[in-house]
Amino acid sequence: MKRCDRFNRYLEEKMRVMVQLEPSYNESKALERIRANAWSLVFAPPSLAALAISRHQYTPIFPLEGVSNLRSVIVVKQDSPYQDLKSLAGKPFAIGQIGSTTGYYFPIYNLYGLTLAELVLCPTPKAVVEAIASGKAEAGALSVEELNTLRPQISTTNFRILFTDQHRVPPGVVLLSPTIDLNMQESLRRVIANTPSQIASEVGLVPAGTLPDYKYMISVVERVNSIFPAEQLQDGASLLTQKPVRLFQGNAAPPTN
């Protein structure tokens, strides 16, 4: 990741240590590394940060850049008969990529307790609205900002917001491993706090920002992980692809005759 090169060199120069960058694009793989305390410093999106803080004693030290007032919405076709979340019981529902805050964690949290016909797994927000437009799913989840961007691209279908989660999605954060000794922690905090503005911007770091409140985000990921354990999920995970799918603990598929 070239955008991190200057930040890496800055850390190496100031800390007088070798810094090795290890990108991860899969939440399950990232959690494996965090659980093993393999990463001393993590630039974590909200859902990964919540898991690292609540389950693995990582400490947030600085916020990352994020979209202000980002909220998750559940969307249906304009002419659909559904008026509340309970009316989606027994229907197919489109969710975003595993680990997505607005497309995966928030909707499953808000649908907790329902049994759905299936979860339609979509790689992008556009795929979510396309699944609804085609009838493959009766409803789906994404952020309100993504919906507004995508509406003109799916001009043959009008969409209606069925539900909006009123909690703002917190920005991601920089995390410190619990295995780092206190002196090193203080040195890292000081060096990162003094990161030159252009370098900080390249990696999305906000050294002077206020750490977000993660209490609600942690409650969301903990409930969802009580149904679909993040450490066990890979593409095609059986719990996510079962039909019907029960959004509550003990959600094993019913026996077939």
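In case you missed it, the structure is sitting above this.
To keep things clear, this report deals only with the structure shown in the data block.

Basis of the calculations
- Residues numbered from 1 in each chain as written.
- Predicted model: local features only at pLDDT ≥ 70, side-chain atom pairs only at ≥ 80, totals over all residues.
- Heavy atoms only, no water.
- Helix = DSSP H or I, 4+ residues; strand = E, 2+ residues; numbered from the N terminus.
- Axes fitted to C-alpha atoms, helices over the stretch in contact; angles between N-to-C directions.
- Parallel < 35°, antiparallel > 145°, perpendicular 65-115°, else oblique.
- Left-handed = near helix turned anticlockwise from the far one by under 90°.
- Contact = heavy atoms within 4.5 Å.
- Nonpolar A, V, L, I, M, F, W, Y, C, P; charged D, E, K, R; others polar.
- Pairing = 2+ DSSP bridges.
- Salt bridge = Lys/Arg side-chain N within 4 Å of Asp/Glu carboxyl O.
- Phe/Tyr/Trp six-rings, centres within 6.5 Å; stacked < 30°, edge-to-face > 60°.
- Buried < 20%, exposed > 50% of the residue type's maximum accessible area, 1.4 Å probe, protein only.
- Lys NZ or Arg CZ within 6 Å of the ring centre and 35° of its normal.
- Polar contact = N/O pair within 3.5 Å; in protein donor to acceptor, adjacent residues only side chain to side chain.

**Points about unusual backbone geometry**
The omega torsion across lysine 243 and proline 244 is -5°, close enough to zero to call that bond cis. Tracing the backbone through its elements, the reader meets proline 244 in the loop between α10 (238-241) and β10 (245-246). Look at glutamine 57: it is not a glycine, yet its phi comes out positive at around 60°. The topology assignment puts glutamine 57 in the loop between α3 (46-56) and β2 (59-63).

**Some thoughts on the packing of helix α2 (residues 27-35) against α3**
Geometry of a packed helix pair, given as the angle between the helix axes and the separation of the axes. With their axes 11 Å apart at the nearest point, α2 and α3 run at an angle of 30° to one another. When the axes of α2 and α3 are compared, the pair comes out roughly parallel. Crossing handedness for the pair α2 and α3: right-handed. Across the interface between the two elements, Glu27, Ala30, Leu31, Ile34 and Arg35 from α2 touch Ser47, Leu48, Leu51, Ala52 and His56 from α3. Split into classes, the residues belonging to the contact of α2 with α3 amount to six nonpolar, two polar and two charged.

**What about the sheet that holds β2?**
Reading across from one edge, β1-β9-β2 is the order of the three strands in this open sheet, with antiparallel pairing throughout. Every other strand in the sheet has two partners, leaving β1 (41-44) and β2 as the edge strands with one partner each. Averaged over neighbouring strand pairs, the angle between their axes works out to 30° when direction is ignored. Examined bridge by bridge, β1 and strand β9 (residues 173-176) share four bridges and lie antiparallel to one another. Considered in β9, the bridge of phenylalanine 43 is made with valine 174. Strands in contact with helix α7 (residues 182-193) are β1, β2 and β9; relative to β2, the strand with the most contacts, it is inclined by about 10°.

**Comments concerning the pattern of salt bridges**
When charged atoms on two side chains of opposite charge get close, those side chains can pair. Applying the stated criterion across every chain yields a total of five salt bridges. Glutamate 22 is paired through a salt bridge with arginine 33; the nearest N and O atoms lie 3.0 Å apart. In this pair, glutamate 22 sits in the loop between α1 (5-15) and α2 while arginine 33 sits in helix α2, placing the two residues 11 residues apart along the sequence. A salt bridge links glutamate 118 to lysine 243, with the nearest nitrogen and oxygen atoms 3.7 Å apart. A residue pair is termed long-range when its members are at least 10 positions apart, and glutamate 118 in strand β6 (residues 118-121) and lysine 243 in the loop between α10 and β10 qualify at 125 residues.

**Some remarks on the packing of aromatic side chains**
Pairs of aromatic rings are described using the distance from one ring centre to the other and the angle between the two planes. Enumeration over the complete set of coordinates arrives at four aromatic pairs. Ring centres of phenylalanine 106 and tyrosine 216 lie 5.9 Å apart, and the angle between their planes is 70°; this geometry places the pair in the edge-to-face category. With phenylalanine 106 in helix α4 (residues 101-110) and tyrosine 216 in helix α9 (residues 215-227), this pair connects stretches of sequence that are 110 residues apart. On the basis of relative accessible area, phenylalanine 106 is assigned to the buried category, the value being 1%. With 5.6 Å between their ring centres and 75° between their planes, tyrosine 109 and tyrosine 216 make a pair best called edge-to-face. Highlighted residues: tyrosine 109 in helix α4 and tyrosine 216 in helix α9, separated in sequence by 107 residues. Side by side, tyrosine 109 and tyrosine 216 carry an identical accessibility label, which is buried. Joined through ring pairs, the aromatic side chains of Phe106, Tyr109 and Tyr216 make up one cluster. Its guanidinium or amino end placed over the ring of tyrosine 109, arginine 223 lies 4.5 Å from that ring's centre, counting from NZ or CZ. The lysine or arginine in question, arginine 223, covers the ring of tyrosine 112, its NZ or CZ lying 4.7 Å from the ring centre.

**Overview of the side chain of asparagine 225**
In this structure, asparagine 225 sits in helix α9. Of the polar contacts made by the side chain of asparagine 225, one reaches the side chain of tyrosine 105; its length is 3.5 Å. If we skip the residues at most four places from it in the chain, asparagine 225 touches Leu51, Arg55, Tyr105 and Ala230.

**Structural notes on the environment of leucine 188**
Mapped onto the fold, leucine 188 is located in helix α7. Taking the relative accessible area as the measure of exposure, leucine 188 reaches 9% and is therefore buried. Through-space distance from the C-alpha of leucine 188 to that of methionine 15 is 7.5 Å; in sequence the pair is 173 residues apart. When sequence neighbours within four positions are dropped, the list of residues in contact with leucine 188 reads Leu11, Met15, Leu176 and Ile180.

Everything listed is a geometric property; what it means functionally is a separate question.
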